[in-house]
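What follows is the residue order along each chain.
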Amino acid sequence: MNYSIDYKELYNTSPSGYFCSLPDGTIVDSNKKFLELTNYTREEVIGEKNFTDFLSLGGKIYFENVYAPALKLSGTIEEINFNFIKKDGSAFPVLINSVEVKDTEGLHLFTQSAVFNISQRKKYEQELLIAKTKANALSNELKEVNKELHNRAELILKQKLQLEEFNHHLENKNRQLSSFAHIASHNLRAPVSNLVALKDFYNENIDLEDKAMLFSKVEIVIGHLDETLNELIESVKIQGNKDIIHDSIIFEAVFDKTLAILDTQILVSKAVITSDFSEVPIASYPKLYIESILLNLLSNAIRYSAPDRIPRIHFYTEMKNNEILLIAKDNGLGIDLKKHGHKLFGLNNTFHRHPDSKGVGLFMTKTQIEAVGGAITVESEVDKGTTFNIILKKNRK
Amino acid sequence: MLQKLVARNNITIQGTGSKSMFLVHGYGCDQNMWRYITPQFKEDYRIILIDLVGSGKSDENAYDYDKYSSLEGYADDIIEICDALNAKDVCFVGHSVSAMIGVLAAIKRPTLFEKLIMIGPSPRYINDAVYFGGFSQNDIDDLMETLDSNYLGWSSAMAPVIMGNSDRPELAAELEESFCQNNPEIAKHFAKVTFQGDNRSDLSKLTTDTLIIQSKEDAIASVKVGQYVHENIANSKLEILETTGHCPHLSGPNQTIEAMKKYLI
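Small disclaimer: the values here were computed from a predicted structure and weren't measured.

1. What to know about the sheet that holds strand β4 (residues 91-102) of chain A
All names here are of chain A.
- Sheet architecture is open: five strands sit in the order β2-β1-β5-β4-β3, paired in antiparallel fashion. Strands at the two margins of the open sheet, each flanked by one partner only, are β2 (27-30) and β3 (76-85). Strand-to-strand twist in this sheet, taken as the mean axis angle between neighbours without regard to direction, amounts to 30°.
- Here nine bridges tie β4 to strand β5 (residues 108-117), and the two strands are oriented antiparallel to one another. Within β5, the residue paired with valine 94 across the bridge is asparagine 117.
- Across the sheet, helix α4 (residues 57-74) touches β3 and β4, and the angle it forms with β3 is around 160°.

2. Points about the interface of chain B and chain A
- Taken together, the contact pairs 25 residues of chain B with 21 residues of chain A.
- When residues of the side of chain B that touches chain A are traced back to their parent elements, those giving at least two are α4 (137-148) and α10 (248-251) of chain B.
- Top contributing element to the side of chain B that touches chain A by residue count: α4 of chain B, with five residues.
- Residue composition of the side of chain B that touches chain A, grouped by class: twelve nonpolar, eleven polar and two charged.

3. Focus: the nonpolar core
- Core analysis: the largest hydrophobic core is formed by 90 residues, its most contacted members being Tyr67 of chain A together with Met21, Phe22, Ile101 and Ile117 of chain B.
- Excluding residues that lie within four positions of it along the chain, tyrosine 67 of chain A makes contacts with Tyr62, Ile77 and Ile80 of chain A.
- Listed in part, the 23 residues of the second largest apolar core include Leu262, Ala271, Phe315 and Ile390 of chain A.

4. Describing the sheet that holds strand β1 (residues 12-14) of chain B
All names here are of chain B.
- With respect to topology, seven strands assemble into an open sheet ordered β1-β3-β2-β4-β5-β6-β7, the strand pairing being mixed. In this open sheet, the two strands that pair with only one neighbour each are β1 and β7 (236-244). This sheet shows a mean twist of 20° between the axes of neighbouring strands, independent of strand direction.
- For strand β2 (residues 19-24) and strand β4 (residues 90-95), the ladder comprises four bridges, and the chain directions are parallel. When the bridges of β4 are listed, valine 24 appears paired with glycine 94.
- The strands that helix α9 (residues 223-232) touches are β5 (113-119), β6 (209-217) and β7; relative to β6, the one it contacts most, it runs at about 165°.

About the thresholds
- Residues numbered from 1 in each chain as written.
- Chains lettered and ligands numbered in written order.
- Predicted model: local features only at pLDDT ≥ 70, side-chain atom pairs only at ≥ 80, totals over all residues.
- Pairing = 2+ DSSP bridges.
- Helix = DSSP H or I, 4+ residues; strand = E, 2+ residues; numbered from the N terminus.
- Axes fitted to C-alpha atoms, helices over the stretch in contact; angles between N-to-C directions.
- Contact = placed C-beta atoms within 7 Å.
- Nonpolar A, V, L, I, M, F, W, Y, C, P; charged D, E, K, R; others polar.
- Core = buried A, V, L, I, M, F, W, Y, C linked by C-beta atoms within 7 Å.
- Buried ≥ 20, exposed ≤ 12 C-beta atoms within 10 Å, placed from the backbone.

Okay, here's the thing in structure tokens:
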């Protein structure tokens, strides 16, 4: 069917803007829509205006550096967004497609361009961009908040661990206090009972000689009572000192000091004393306590050596299960652990009728060790020897 | 080493000749810009073409925002490539911003370059109190907005898909055929570095024999700017062509070739 189409009229009334330019940019033709969009008359544009006259300076940079070269290299270019400037100087956003029209020999004759006004699209684009920026900002904010929450959770966990440690300390203290209370009542009970009995005898007795004898017995018991009370007070002092200042201890040095203090006893006993602190040469421990512990254990080892053999005493340090061990080994009289094991570290207990044994030494040593968070155990065989194993600080399991 | 550089800068070598001609494109496109020029020099020169890192088919992953925040980064690349190719007495041809890159490279290694040809150079685009670069900061901001809204076949969501994706070969093919399609983020950064730069003080340090080729009408690097460059380089000649536009090597290749040949005799 013949629709008698007037192409010129079609071109002129097209709903998109058309213009045609020479290779140097001079506009040689345009349709009505283009003139409407840019607000110019035909006379003002044709042969008068250049493509780049419709662009801002910023747009011109893009035109010269990207648009024109790409068009030259591939012959067409599409969907370029420019801001076109109207006659009154205001700008509107466009999408532009261009194509090079060449002759049969490939010579560039014209550039044909189609222009669409995208003002509405642009508004939508900008709204999208704003929304995208807001969303990104919100996402970043959430990341920050999340990080903050994570940090707080970590802090709370740390605090929980600290509280557990405090709880453990308090449990320890509680145990020590109740054991002390038990010991106190037990050890004070006996002499006080004695005194009560003597008092009764004293009151019943009329004889002066008997009274004098009773009173001298009372004096003896009071002496024992006084001594026991003093020892208990000493241990209370130790037990109260849980948060004790730790020093940097060089075992070798402290041990040498201990040897110096017991110089005479060592000479007399002819004991051979050796040490090996190479595996764990230093530790963090209260100085006074370690001195007291070493002194107590070494003096015990010398005191309770077997008379028929040369005393051999060896102190050393070891690392086991991430805990520092201090070990004191001797070849002395040994202890019958079956008989006395459960009373070994109690107060006022002696297993050998030795003139110097008072029986408070091991109690104090155990208290000191436990006060710092460690533990002491013993292995022994009668007439073979004894080994004391001290864990300086127990690992919390 | 050379293999790495070839991949990084998409180096292509054409022609035979004892002398080397090293052509570097300016802002916006890639080595395809020289396609009308190089055939005329293939017989006499070993022609070296590259894409600046971040442009064309160069290795995008090598675009270090710190290194390329100054033109020195690109100048170092030029020197590195010359050394790797064992090029001596190089004739360096730089368009637009690459003319300045050439200046910086020649200052660093004067014995490497025999001649410098600048097409549409500008040492600074933004006007100041006494200097006419042609643009204000507003104009450059305007350029940034235009860059923002023109992705030329890229889409920031799609781009990573395209770069590494073998199951959309038709997209890759599309990119292969299109020109001046550079990563939008990098293009923006490069634009900032180019159009907000100032290399005026470097001009006087250049001792290399220089030819400045200038279109008689160029909105980006006007004749005034060309003259400024000529006045500040001691050993220079200025040739104004009867061409329009910022890329005479594309829009007026014959005139450009003629000017180059006249100078290189």
